[in-house]
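Coordinate inspection notes
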Amino acid sequence: MSLEAGARFGPYEILSPLGAGGMGEVWRARDARLGRDVALKLVPEAFAADGERMERFEREAKLLASLNHPHIAALYGLEEAGGRRALVMELVPGGTLAERLAGGPIPLEEALSLARQVAEALEHAHEHGIIHRDLKPANVKVTPAGDVKVLDFGLGRPVAGDATSGADLLSSPTLTRDGTRAGVILGTVPYMSPEQARGQALDGRTDVWSFGVVLFEMLTGERLFRGDTTSDVLAAVLKTEVDWSQLPAVTPAACRRLLRRCLERDLRLRLHSMADARLEIVEAAQGTDSDGSRGPRVRWRTALPWAVALLAVLAVAALLRGRPSAPRAPRVSRLTLPLMPHPVALGGIALSPDGAELAYVSAGQIQVRALDREGVRALPDALGSQPFFSPDGAWIGFVGTDEQLRKVPVSGGPVVRLTDGPRRLGHCAWAPDEVILCTQPWSDRPGELLRIPAGGGVADPLPTAAGGLRERVQWPSVLPGGRAALLTVIRSPGGSVVDAAIAVQRLDTGERRVLVADGAQAVRAATGHIVFARGASLLAVLFDLATLTLRGAPAPVVEHVSRDYVGGGRYALAGDGTLVYYKEVADTRPLLWVDRRGSATRIAVPDHVFFDPRISPDGSRIAVQASDAGSDTWICELARGALTRLTFDPAEDETPVWSPDGAWVAWASQPSRGPRQLHRRRADGSGDDQVVWSTSAHAHLHDWSPDGKYLLVTLDSVNTGRDVWLVPVDGGEARPLLDGPFEEWNPRMSPDGRWLAYASNEAGRFDVYVRRFPELSGKVQVSSGGGDRPAWTARGRELVYRSADGHVTSVGLSPGPDGNMRVRRPEALFPDAYGAATGRTSHPDYDVHPDGRRFVMVGSQSREATVAMSVVLNWFEELEKLAPRKP
């Protein structure tokens, strides 16, 4: 079967050729079902005719399809048509690294950035048991934004003859049927490792070698191993010494050291993992001294043994002089720790077990701050909330924006996804036996704890007593020994901590007992106390670990501790006695007017914890959720500054939207159990609630179509993530509108009803897209560099969104003569410091006034006060005094 532009290959329309090579022809094609362009790689016919080879190929393709990393080009699947097989791949814009190198060496800073991204991709693949085996510049794409996408992981290629010469060496020996077995050559000759050249068994260190060869070429602009024939190049790979003088003089010592360790022919001396390579690149990129080496960096934990030794010598000297010295307990010290970027009320904070590192959430991203030095590190791609440390302090676990579990190295590196299932997760804790315990915020069994392997896998429920299934649990904390955990048990229907208790649960039998009738978020201190939150205070009580019972009554130990919106204390405690917490502030999230320059003024209405404001079509009212007032929907009359409650049911009423004529308000009702429902009621409060639709899926309401006929809803799906649905307002069957394999969030209709804006992660991160409605054609990406939560201005010629770089951003739009949408360059309006990162990324949490000159935003809870954190060192000494042990 031959292809040409305009032909079809199964469901794909062939658009244009992209290239050809050892793997066959590569075509740009259009997937009509999902409305996206892909790359089709046709498997050579001789390859496809070999049944054993194709069986292995398909098996490996399935494995590769499981890779999910921003720097790895995604494999979507296999397709067959007309007797030919094709790989369906992510279509990556931009040129290859080989094309970039055709212009000469790459500047140091850019080369290190590209190399770090390649290292992260290889590290992710190795963690999943996949070796690339053919890393070369031609298999590395560089997008116009400078992002790397590594291609062709693990897929073999046909072996070429030895007579290959000249430039063809770059596509020489690549595939045999048993490419991982000893005695078989696999790879591209100038970049293959010595063990590849000898046909020996391979492991991840073969990619380490190839990585070093590619990095050397990026820095010098010259291929490291050259020759007139394949045999000449193989001989150079096996024998020729590297000429280190070719490296630019500005190459940092850390980078030179990395290259020498990558290019060791002796496997025992070669760098063992890509994780180590990535760390070396980070060292090199962080700067050097004038002599090319990094200056010393002394940390107090490194210096501590020397300090202890010095104190011991001084003590001995004092004794010899007749001056006895008694040991002194470490003094309690207090300090204020500034945190930038500004943290927010939601998301959680955590301390490493040794108290060295603090993790918190800002702008929806995990930040890490060492307590013994200045500076905050944002962990790339670690987007989510509820961070927690591994027992050895090497990893930070967190819950992603899709409520699935992930982990990331504290030192930085690729994010590892640990779960991918129907169960959505809440708070988690890392047990000493490499198991992570998690709660379930929206499950039908919210009283059940889940057990997840720290390396990733299926979330299995732990045994739970039958009575516990009628409760909801949060904030697990594993006790020493790993046989039991502390939990916060919540019995109120709305899921808040108004009716919360501290319980202990045996992890083997599921037996659960209440320890404290009024409290939340308990942890065990090394002193033997349980510390927990009650209101704005921390309390402590002695706890017998052997019998899992309390000794004595709780005593207050810290006052004025801030709470998050669900009532948990915003604090963390480390094993060395370090305590960190936010001080209590007014528990509000005010409504604000923010102009296009970012200047904010408070809207004069009574204070509440507001979420999801939506302005009426005439601009005179705001519908908003007040989570501290029954989580009901309220109507704000702007002229009078009055608030009127619109809903009264015990469930959480969220994401209100207005009908086009402003006569009705609809909202999503989220009870702790039972079906989710969409309701509507007249905005003046007259009449009763009307149930528009019920669903068993977790639903968010986003918009009301301009013709008044439909509500736009997002539903969580086990198979396709979060999808956009159309729900008829006056009855009729709901139907999916966008239900592809990616997440689709926050849909909004244009004022004329002809266009749909939404956010999707189809490109590996969330960006804003626009397409025609209802036919969904003419898709165009609106955001640049990541974005979410779009909103139209009243005329429909401008779209506003919250960008990934932390700004509220505007884009001008206009339909072109061909009917397609024309998109202007995005313009950052102002820093997004108004409650943007609340941990509720499926909620817009702002709206555009019909005049287009201002926005209603929600101020961050305690925004002014939470730019700093209270830190108490050696707090255990104070704890022992405030909650003493009884004789």
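Here, every reference points to the structure presented above.
Notes on the structure in this doc start here. The structure displayed is predicted, hence computed values, not measured ones.

Analysis parameters
Residues numbered from 1 in each chain as written. Predicted model: local features only at pLDDT ≥ 70, side-chain atom pairs only at ≥ 80, totals over all residues. Heavy atoms only, no water. Helix = DSSP H or I, 4+ residues; strand = E, 2+ residues; numbered from the N terminus. Buried < 20%, exposed > 50% of the residue type's maximum accessible area, 1.4 Å probe, protein only. Contact = heavy atoms within 4.5 Å. Areas by Shrake-Rupley, 256 points an atom, 1.4 Å probe, with all protein chains shown as cover. Pairing = 2+ DSSP bridges. Axes fitted to C-alpha atoms, helices over the stretch in contact; angles between N-to-C directions. Phe/Tyr/Trp six-rings, centres within 6.5 Å; stacked < 30°, edge-to-face > 60°. Parallel < 35°, antiparallel > 145°, perpendicular 65-115°, else oblique. Left-handed = near helix turned anticlockwise from the far one by under 90°. Nonpolar A, V, L, I, M, F, W, Y, C, P; charged D, E, K, R; others polar. Disulfide = S-S within 2.5 Å.

Moving on to the overall build of the protein chain. Within the protein chain one finds eleven helices and 57 strands. Across the 887 residues of the protein chain, 55% fall into the buried class. In the protein chain, the share of contacts with a sequence separation of at least 24, taken over all contacts with a separation of at least 6, comes to 48%. A total accessible area of about 36,500 Å² is found for the protein chain, and carbon and sulfur atoms account for 52% of it.

Take the sheet that holds strand E33 (residues 600–602) next. Taken in spatial order, the four strands make up an open sheet running E33-E32-E56-E55, and their pairing is antiparallel. What marks the edges here is a single partner per strand, and that holds for E33 and strand E55 (846–848). Looking at each pair of strands side by side, their axes are set apart by 25 degrees on average, direction ignored. Pairing of E55 with strand E56 (residues 854–858) involves three bridges; the strand directions are antiparallel. Following the sheet pairing, Asp847 is matched in E56 by Val856.

It is worth spelling out the sheet that holds strand E9 (residues 148–150) at this point. Taken together, three strands build an open sheet; the order of strands is E7-E8-E9 and the sheet is antiparallel. Either end of the sheet is taken by a strand with one partner, and the two such strands are strand E7 (95–96) and E9. Here strand E8 (residues 140–142) pairs with E9 via three bridges, running antiparallel. Paired with Val140 across the strands is Val150, a residue of E9. Together, E8 and E9 form the strand contacts of helix H4 (residues 108–127), whose direction differs from that of E9 by roughly 40 degrees.

As a further point, take the packing of aromatic side chains. Tallying each qualifying case throughout the model produces eight aromatic pairs. With a centroid separation of 6.3 Å and 70 degrees between ring planes, the pair formed by Tyr76 and Phe742 is classed as edge-to-face. Taken together, the residues Tyr76 in strand E5 (residues 75–81) and Phe742 in the loop between strand E45 (735–738) and strand E46 (744–749) connect sequence positions 666 residues apart. Summarising the aromatic geometry, the rings of Phe216 and Trp244 are spaced 6.3 Å apart at their centres and angled 70 degrees between planes, so their arrangement reads as edge-to-face.

For the pair helix H6 (residues 205–220) and helix H8 (residues 253–262), the least separation of the axes is 8 Å and the interaxial angle reads 135 degrees. Between H6 and H8, the angle falls in the class oblique. Viewed along their axes, H6 and H8 form a crossing whose handedness is left-handed. Between H6 and H8, the contacting residues are Val208, Trp209, Phe211, Gly212, Leu215, Phe216 and Leu219 on the first element and Cys255, Leu258, Leu259 and Cys262 on the second. The residue makeup of the contact of H6 with H8, split by class, is ten nonpolar, one polar and no charged.

So, about the state of the cysteines. What the rule picks out here adds up to one disulfide. Among the cysteines around Cys262, which has no disulfide bond, Cys255 carries the closest sulfur, lying 9.2 Å off. For Cys262, a relative accessible area of 0% gives the class buried.

A few words now on the environment of Glu58. Following the sequence through the fold, Glu58 ends up in helix H2 (residues 51–65). A residue is classified by how much of its surface remains accessible, and Glu58, at 25% relative accessible area, is partly exposed. Separated by 20 residues in the primary sequence, Glu58 and Leu78 place their C-alpha atoms 8.0 Å from one another. Sequence-distant contacts of Glu58, defined by excluding residues within four places in its chain, comprise Leu78 and Arg85.

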